[in-house]
Every structure is written in C-alpha cells, then in structure tokens.
Amino acid sequence: MTSIPQAAPTTGSLSNAGAPPATHSTPLVEVKNLTVEFPTEDGPFRAVDGIDLHIRRGETLAIVGESGSGKSVTALSLMRLIEFGGGRIVGGSIQLAGRDGGLRDLAQESLPAMNRLRGDEIAMIFQEPMTSLNPVFTIGDQIAEAVMLHQGLGRKEARSEALAMLNKVRIPEAARLLDRYPHQLSGGMRQRVMIAMALSCRPSLLIADEPTTALDVTIQAQILRLVRQLQDEMGMAVMFITHDMGVVAEVADRVLVMYRGKKVEEGVVDDVFARPQAPYTKALLAAVPKLGSLSGAPLPRRFPVLTVEGEAGIATEAERWQDTVEPAAPPILDVDDLFTRFEVRRGLFGRLTGRIHAVERVSFKVHPGETLALVGESGCGKSTAGRTIMQLQAPDSGSIRFSGRDIFAMPEAERRRMHQKIQYIFQDPYASLNPRVTVGFSIAEPLITHNLAKGAGVEERVAQLLVDVGLSPDHAKRYPHEFSGGQRQRICIARALACEPDLIIADEAVSALDVSIQAQIVNLLMDLQEKRRLAYLFISHDMAVVERVSHRVAVMYLGQIVEIGPRQAVFENPQHAYTRRLMAAVPIADPARRDRSRPLLEGEIPSPMRKLGDEPIWAPLVEVEPGHFVARHPVGDFA
Amino acid sequence: MSAVVPAAPAASRPVRSPFREFLRRFRRERQAIAAGVFLLALVLMAVFAPLLAPYAPAQPDYMHILEGPSAAHWAGTDAYGRDIFSRIIWGSRISLSVGFLSVTLGGIIGVVLGLISGFYGGWLDSLIMRVCDVLFAFPGILLAIGVIAILGPGIYNVIYAVAVFSVPVFARLVRGSTLALKQAVYVDAARAIGVRDRLIMLRHLLPGTMPSVIVYFSMRVGTAILTAASLSFIGLGAQPPSPEWGAMLADGRSYIGIASQVTLFPGLAIFVTVLAFNMLGDGLRDALDPKLRKL
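Residues numbered from 1 in each chain as written. Chains lettered and ligands numbered in written order. Predicted model: local features only at pLDDT ≥ 70, side-chain atom pairs only at ≥ 80, totals over all residues.

Identification of chain B as Glutathione transport system permease protein GsiD from Consotaella salsifontis is taken from an unreviewed UniProt entry. Quoted straight from UniProt, the Sequence similarities (unreviewed entry) entry for chain B says "Belongs to the binding-protein-dependent transport system permease family." In UniProt, chain B has this text filed under Subcellular location (unreviewed entry): "Cell membrane". (UniProt positions renumbered as here; feature names shortened; annotations may be inferred.)

Chain A is annotated in an unreviewed UniProt entry as Glutathione import ATP-binding protein GsiA from Consotaella salsifontis.

Below you can see the structure in the form of structure tokens.
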C-alpha cells in the first residue's frame, strides 16, 4: 500500500514531460477519510465511507468496484461536482498540490474557486460522450470555449489551440472536424473530443469515469491506448474509474478496490491481480471472464464458484464440462439466407436513398442443447438477427425453420403457439419488465397467454420458476424496482422458462450486469441448459463471456457472418482478420499479459448503410477445418 | 455461485405497489387533499339533497321574493321566492352528474381512440388525429352550441355536447403516452411471448397512460361543469324551473342591481367547485408525474 511502484512503465516517461523528480514522491492528490452522504427519505445514505487515497504525478490510479460501490461518487467529490447531484461531503479532506506549489483542501474550497480549478487543475471525462457535449455548438466552439475560459486566449488563438488538441488526440482530418456538430460523430470520436477538451488546459489530474464503457472493444482499445500515450506525453496523473478488471489491468499502475463505499484493497496492479488479499477482491477476480482461460478445451464450462472460508476465499473451477449438445439430433433452429434491411428515406418526399444492410445472407443452425454465440460490435446486425428470428422484425427474405417447420409458412395460430418454444431475454432486465405489474404477473403472463396453467396452478408454477432461478416464491408479490440488476435478470429468465422453451435467444443478456452477477447469471443459464437441454442463441459483444458459454461461435461484421465454427477452433485458430482484431482488442484481466504494442484496429467501424444498387460482395464461406467456415471474399475494410 | 455479493433489498420492507407509492406522495399535497375533501362533501350533498335541502327547489313563495340572506333563507330567495340555498344543493346534482358523465363518456371514447391511434399508427392514426384537429379548431363552447343546435336544448344533450369536445383532448393525450410507451422493451418482451395486440394495449399500455388520464379527467370535470353552466346560462341547457347553477345565474341577471344574492351564490358555487377540481388535478399531477418525483 505504501510502496512506490518502481517498475511501472509511466514513471520512466515522466522525465519526458519535464516534471521535476522531486515532486514524484509527494502526492498530487491526497484524500483522507472522505465521507459523502446523500439525504434520502430513510435518513442519510452514506455513499462513500472514510476513503483514503493518494495519486502521484504521472501515475494512474484505477478505482474499481461494482455499481453502487461509491467509485463515481468519489470521483465527483474530487471535482466537488457531487453537490450538484444532491450529495454532501460530510467529512475528510482532499489535499491538492496546486500548480503554484500551494496545498489546498478541495473539500473546504469555495464554489467559485472550485470553478477555476475545474478544467484547469483537474479535468474529467464521462461515460457518455454524447450527453457531455452540447448538441447545438460545433466541436471547435466547444473546445475553444474551454480554452478561452481557462487560458484567457482570444477567439482565434483558442481555435488554433483547439485544432492542436484535436490533432493531439489523433483525430484524422481535425481541421474539418472543428465545424462539425456532436451528433455527426461516432461514439469513439466524441470521446476523443471530450478528451481533447479535458486536456486543453493541461490539467495535472485527469479523472476518467468509465470513459470506454459505452464503446465497442476495438474503439475502447484505441481510447485506452490514447489516454496512456497522452499521459506519457503530458505527465499528468490519471484517476481511472471502471468496473472492468480487464481495463484496470490494461491501464493502471495502482488499484483501489471499493465495495459499498469502503476501500477493501489497494496496491500495485501486479500485486493485486497476482495476490489479492481481500475476499471481495478474490471474488471479483474469480468472476472476471478471462479470454483464453478455456484454451485447449472444446466444451464450455461454468465460471469458478467462490466459497468464502473465514478470511480466505477459494475459487474452485467447476468439475463439469457443458456437454449438452446432441449433434445427431436435427437442428432446433435452421436459419437460411436471411436478409433484413432497413430503408433509409431522405428529403421532402421521403425518397428511398439507401438501405441499412443489417442482416445480410445469414445462415446458421442451432442444435438442441447447444449454445451458438453471435458476436460482433455495435451495428453488426447481431441483435437484428435475433429480433428477426423472434419475429419482432420482419425479414426481407430467407427462411427460418424451427424444429424443421418454416416459421413464415405457418398459419397465424400455429406461429403464436411456436412463440412458446422460442423465448427472448433482453439486455436491460429493468426495461423489459413492466414496472406497473408485479414480478409474479410478469412471470405468469406467458402461462396465461398460452393457457398453460389456470387458477392456483399459475401461482404454483410461478413459485417453482422463481425457485428454479434462485429467488424465493414470495418475491412474486414485489415490483421490479425493488430488485437488484442481477435479480431482475433472474426474473426475466424465469419468465422465459415459463413456457418450457426449446430455444432461448439471449440478447446481451449479461452485459449490463456487474461481473460477479454476470458470472452467476451465466452459471444459471448453463445449469438450466444442463437440466433442460435448452439451446441458446447467445448474442454478445463480450468475447471473454462468449468463450465460457458457447459451443459454437459465429462472428458477424457488417451484417454478414465472416467466421463460424466450433468455439475452440474460432478462438484458438481465428481465420478471419476481423476475428483476430476483435480478440486482440479485448482487455485482458491480467497485467502480466498486457501488451501495449499489439496491433489494434485503426479507424472507425464502417457503417452498414449502403446506397441503392450498391450490393455488398458475397461468396459462400470456405471450410478451413471440419465445421469451421470463414469468409474469403472482401467484407468492408477486410479484403 | 460466488457468495460474496449478497442481494441488496431487505426482505422486511413493505411491498410498494404503484398505487401505494401514489398514496404516499399524494398525502403531501395538502391543497389537493382539501379540494378532494370538499368535492367529496359536495358529492354527498348531491346524493342526500332531498334530506339536506330545507325547502323544495321549485316551490315558489310569493310572500318572500328577492329577500337577502336570513335565518330562514340562508342564501336569500329569488324572484319567485324560491330558497336559493336549497336550489344550489339540488343544482349540485345536475352540475356534478353532467360534469362526470360527459367527461367519462368523452374520456372513454378518447382513450380508446388514442390507444388505437398510437399503437397502430399509419392511416388510422392520421384519420383519428385529423378529426381531432378539426374538433380542436372549434372553441369548446361553440362546438357544444353546435351539437345542441343539432340535438336540441336539454340537459342530456348538454352531456353529449360536452363529451364531444372532451374526446380530442383525451385522444391526443393518450396517443402521446402510447407512442412513448410502445417503445418500451417490455412491450417487445410481451410481443415476444406471443401476447395479442389487444391485450398488449390493455395490460401494458393503458395502465401507463392512466396517470395523465386521471389528472386530465379531474381538470376536465371542472371545465365541463363550467361549460354546462354556460350552456344553461344562454338557455340551451337545463330548462326552467330546474335548479341548474348556470340557469340560476341567468334568472338572477335582471335583479343583479337590487338582489345580488340571486347571482352571487350560484356563481360562487360554480367558482368553488371548478377551483376544487383544478386544485385536485394539480395535486394528482404532482403525485403521479414521475418527472416531478422528489427523492
């Protein structure tokens, strides 16, 4: 806790920034016994409880914890933005060594003085770059405003400074971007702009609050590397708030683990990962899916189960492999040449100008008891494929056979019955439950709809389903807002199970959950598969989770499947360039394995929108080994 | 399962249904509660009018015409010597039932149209909304007069007339919330388990529109009472000698200089009742609108 990281890569680069070595040992920020409360109806809620931390110049401190652990509150308290959110710093001090050499306590500073410090000495970037930028001003004006405010430059100088900053965050064609509006930029570009704005005053501390959580992995990797490079160039300290252990391993020099407002562990990143002390840290690390952890094994496996014995937590890998596939049985789902496109209309008369090729000649099969993962980044069409199979979206052409019967050839009544056998789990469990009805009703709704139970039978069945997913029967009387995220997803799973389905489409079903909860839900899904021989279509962007759960994997890019095959084959012997880039971009939750020079995907994810008549190239996939197919024709940027 | 992260909510907390949640917040709306209590008293007064009214409402007494308030006649008498206080009590029956019935009728039609319009969209939506636009283009009272002109004067026709101009208000309101609600993932989720359109509308969309419908209902009843009184005032609504508040105002017009009580008390009754409905509506809105929800 007190040791200074000697071998951390950034410390060497400090001399580049010209920071005097003498300041290295004195912390830039020292927080002592920080306590923050929020008033609620049931008395004050203590969000941060006596946190001590320090950050040295040029250092990256990662604060990691799950939702509600108080990590963002800590960050906002440092900026004294917490008062605007209704919180109150009730105790402790925040010492900042200012540029002028003086120490000041930010917890006591007046609001006008804080206004001057914010952006100047401490800058912050947020999770959602769209809402952090003002939609009615151009990018150039927004950066220039920050520069004029803090550096007292004129409009013209501020603008050239803005251009310099955009170049600094490696934005291509920065001069043209100055006159653009935020909505014309992609998420990754917006986050770069936010970083440019934050850095425009050369702050000594940058607070980054989950800056990459809303971004795709390949873009996340770019942004993480950018932050690292800029830190080396400018010698600033970074406080990095994240829930993702992979990101921590990637960026941090030191780690502080928070749980329920308290610090449970702090240390040099390699130590914390290699020898976690607190049981909570151990549990957290055990729950983190690590890409490559199932190398050499053909079947999926549950997440390790953590048992706490006294002070020590012991993670035990499950003995059982998920051997549930019946390869000889006819496929439960057979998708053939599926096309789903969205029309893009422009102008006064709504002229058809183009189409979004969301799903482009997609074919795959899912066998009973099998998990097929559909992976890809945002906009690749994986969700649209799922929604089309669920008939929430009409396809343009193609066939979907369920248990050998063509869904589109079925009469209406039969299609309705078939709905029982395919169920869907959505990403956001809170949004997919009607807040105005009890959880019991939500679970009972499919039973009532399909007349599967009556009267007291419904209640019994709901109680049983709740038990099946690890909740208790009396939860049925409660409303969705009374549950935690993980519990809500269990409820959604119970609802999906009500009709005894054969296939469940899980659309990013665990990506909104905290890691420990995510591991529990994935284990639950796998247990249910074992018990009921369920087939899953597991739609996800998270390669590490996919490695754990799936028997086979299909990689989607620009609406097409570019690679499909057994999970072991795709992960250990990726054939398509995009698959390889996708895997390289995944942050690995192991600082010993971090490689900051690995090649990353440059630039943006291309848009699936095409002009009329501009048909994408297509050719049949090529079989490279048994059951492992790959696209050899050019798709998007991959020739 | 990793046992380290225990589930958050404590089991002992009472179940907070949306209705309880509403009651909890509504308790803080003191003005609205006062208005509600007043309106409840008014309803009881209307129900028990035969027991409460000291005189028959249409009983003339030519010995005591245009008398001011006294112990015998609390609100004085009118040009025929009828007891104004009794007439106001009896009149509350007419005003309240016209208000409730017309808005209920208009509200039901409007809610159904709004749900259909918002849920299905397309040409049906355009048709319903254009009809609503046309109805909106008329001033409410003029529209009501038009309806009366077709149906003929009389208190029942006032109900239809006022209902007609309540329809577009509810239709638009409900269409708006339906459009927002049908984007919700839980509507997709219901569709994914095969719930029929009609049930999706009734189970998942209608309850969501109810908060704003309830608020508007309360406010519209006030407006409806006012409109009904206006129609009666110009002679198109309740016919003499029925003790309708608006008609009473019209009766007292000629004597306003010598016997102000003839207009004052019915006017006051209309004013206080409409005010109470509006205040109740305000309070309901504050208690039901999640955007105004305080921590």
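### As for the overall build of chain B
Assigned secondary structure in chain B consists of eleven helices and zero strands. The order of helices and strands in chain B, counted from the N terminus, is α-α-α-α-α-α-α-α-α-α-α. Its C-alpha atoms give chain B principal-axis dimensions of roughly 90 × 50 × 30 Å. Relative to its full complement of 295 residues, chain B shows a buried share of 44%. (Helix = DSSP H or I, 4+ residues; strand = E, 2+ residues; numbered from the N terminus. Buried ≥ 20, exposed ≤ 12 C-beta atoms within 10 Å, placed from the backbone.)

### With respect to the overall build of chain A
A tally of helices and strands in chain A yields 21 helices and 25 strands. On C-alpha atoms alone, chain A measures out to a radius of gyration of 26 Å, which is about the 26 Å that the 2.2 N^0.38 rule sets for 639 residues. Per-residue burial for chain A yields a buried fraction of 50% across its 639 residues. A sequence separation of at least 24 residues applies to 70% of the contacts in chain A between residues at least 6 apart. (Rg over C-alpha atoms; globule rule 2.2 N^0.38 Å. Contact = placed C-beta atoms within 7 Å.)

### Describing the domain arrangement of chain A
Annotation of chain A at the domain level lists domain 1 (1–111 + 208–288), domain 2 (122–202), domain 3 (333–421 + 501–630) and domain 4 (429–499). If you average the C-alpha positions of domain 2 of chain A and of domain 3 of chain A, the two centres end up 35 Å apart. (Domains from an automatic or database assignment.)

### Re the UniProt feature "domain: ABC transmembrane type-1" (unreviewed entry) in chain B
When the UniProt feature table is mapped onto this chain numbering, "domain: ABC transmembrane type-1" (unreviewed entry) sits at residues 92–281 of chain B. In the segment residues 92–281 of chain B, helix accounts for 83% and strand for 0%; the C-alpha atoms at its two ends are 20 Å apart.

### Let's talk about unusual backbone geometry
For the bond from B:Pro240 to B:Pro241, the omega torsion is 5°, close enough to zero to count as cis. Structurally, B:Pro241 can be placed in the loop between helix 9 (197–233) and helix 10 (245–252). Non-glycine residue A:Arg80 carries a positive phi angle of around 55°. By the secondary structure assignment, A:Arg80 is in the loop between helix 2 (71–78) and strand 4 (88–97). Not every positive phi belongs to a glycine, and A:Asn451 is a case in point at roughly 55°. Looking at the secondary structure, you find A:Asn451 in the loop between helix 15 (439–449) and helix 16 (456–468).

### Some points on the environment of B:Phe22
Secondary-structure assignment places B:Phe22 in helix 1 (residues 18–26). When the C-alpha atoms of B:Phe22 and B:Asp289 are compared, they prove to be 9.5 Å apart, with 267 residues separating the residues in sequence.

### Examining the packing of helix 9 of chain B against helix 11 (residues 261–288) of chain B
All names here are of chain B. Helix 11 packs onto helix 9 with a crossing angle of 170° between their chain directions and a minimal axis gap of 8 Å. The orientation of helix 9 with respect to helix 11, classified from their angle, is roughly antiparallel. For the pair formed by helix 9 and helix 11, the contact residues are Pro-211, Ile-214, Val-215, Ser-218, Met-219, Val-221, Gly-222, Ile-225, Leu-226 and Ala-229 on the first element and Ile-270, Thr-273, Val-274, Phe-277, Asn-278, Leu-280, Gly-281, Leu-284, Arg-285 and Leu-288 on the second. (Axes fitted to C-alpha atoms, helices over the stretch in contact; angles between N-to-C directions. Parallel < 35°, antiparallel > 145°, perpendicular 65-115°, else oblique.)

### Details of the packing of helix 17 (residues 485–497) of chain A against helix 18 (residues 515–532) of chain A
In helix packing, the relevant descriptors are the interaxial angle and the interaxial distance, both defined with respect to the helix axes. Residues and elements named next belong to chain A. Relative orientation of the contacting elements helix 17 and helix 18 amounts to 15°, with a least axis distance of 10 Å. The orientation of helix 17 with respect to helix 18, classified from their angle, is roughly parallel. Of the two elements, helix 17 crosses helix 18, and the hand of that crossing is right-handed. Facing Gly-485, Gly-486, Gln-489, Arg-490, Ile-493 and Leu-497 of helix 17, the residues of helix 18 in contact are Ile-517, Gln-520, Ile-521, Leu-524 and Leu-528. For the contact of helix 17 with helix 18, the class distribution of residues is six nonpolar, four polar and one charged. (Left-handed = near helix turned anticlockwise from the far one by under 90°. Nonpolar A, V, L, I, M, F, W, Y, C, P; charged D, E, K, R; others polar.)

### Some remarks on helix 2 of chain A
All names here are of chain A. Burial runs high along helix 2: eight of the eight residues are buried. All buried positions along helix 2 are accounted for by Lys-71, Ser-72, Val-73, Thr-74, Ala-75, Leu-76, Ser-77 and Leu-78. Just past helix 2, the residue Arg-80 takes up positive phi, approximately 55°.

### So, the UniProt feature "domain: ABC transporter" (unreviewed entry) in chain A
Those residues carrying the UniProt feature "domain: ABC transporter" (unreviewed entry) are residues 29–285 and 333–583 of chain A in this numbering. Split by type, residues 333–583 of chain A is 36% helix and 28% strand. Its first and last C-alpha atoms lie 27 Å apart.

### A word on the sheet that holds strand 8 (residues 237–242) of chain A
Paired through their backbone hydrogen bonds, the strands of a sheet run either parallel or antiparallel. Residue and element names in this part refer to chain A. With mixed pairing, six strands are arranged side by side in an open sheet as 6-7-8-3-9-10. This sheet does not close on itself; its edge strands, each paired only once, are strand 6 (122–125) and strand 10 (262–268). The average undirected angle you get between the axes of adjacent strands in this sheet is 15°. Strand direction decides the pairing type here: strand 7 (residues 205–209) and strand 8, joined by five bridges, are parallel. Residue pairing across strands places Leu-206 opposite Val-238, the latter belonging to strand 8. Strand contacts of helix 8 (residues 187–199): strand 6 and strand 7, with the helix running at about 170° to strand 6, the strand carrying the most contacts. (Pairing = 2+ DSSP bridges.)

### Some points on the UniProt feature "transmembrane region" (unreviewed entry) in chain B
When the UniProt feature table is mapped onto this chain, "transmembrane region" (unreviewed entry) is found at residues 32–53, 100–122, 134–152, 158–174, 213–235 and 255–277 of chain B. Taken end to end, residues 134–152 of chain B is 84% helix and 0% strand, and its first and last C-alpha atoms sit 22 Å apart.

### Points about the sheet that holds strand 18 (residues 422–425) of chain A
Residue and element names in this part refer to chain A. With mixed pairing, the eight strands of this open sheet are ordered in space as 18-19-20-15-21-22-25-24. Each having just a single partner strand, strand 18 and strand 24 (622–625) make up the two edges of the open sheet. The mean inter-strand angle of the sheet, taken between neighbouring strand axes irrespective of direction, is 20°.

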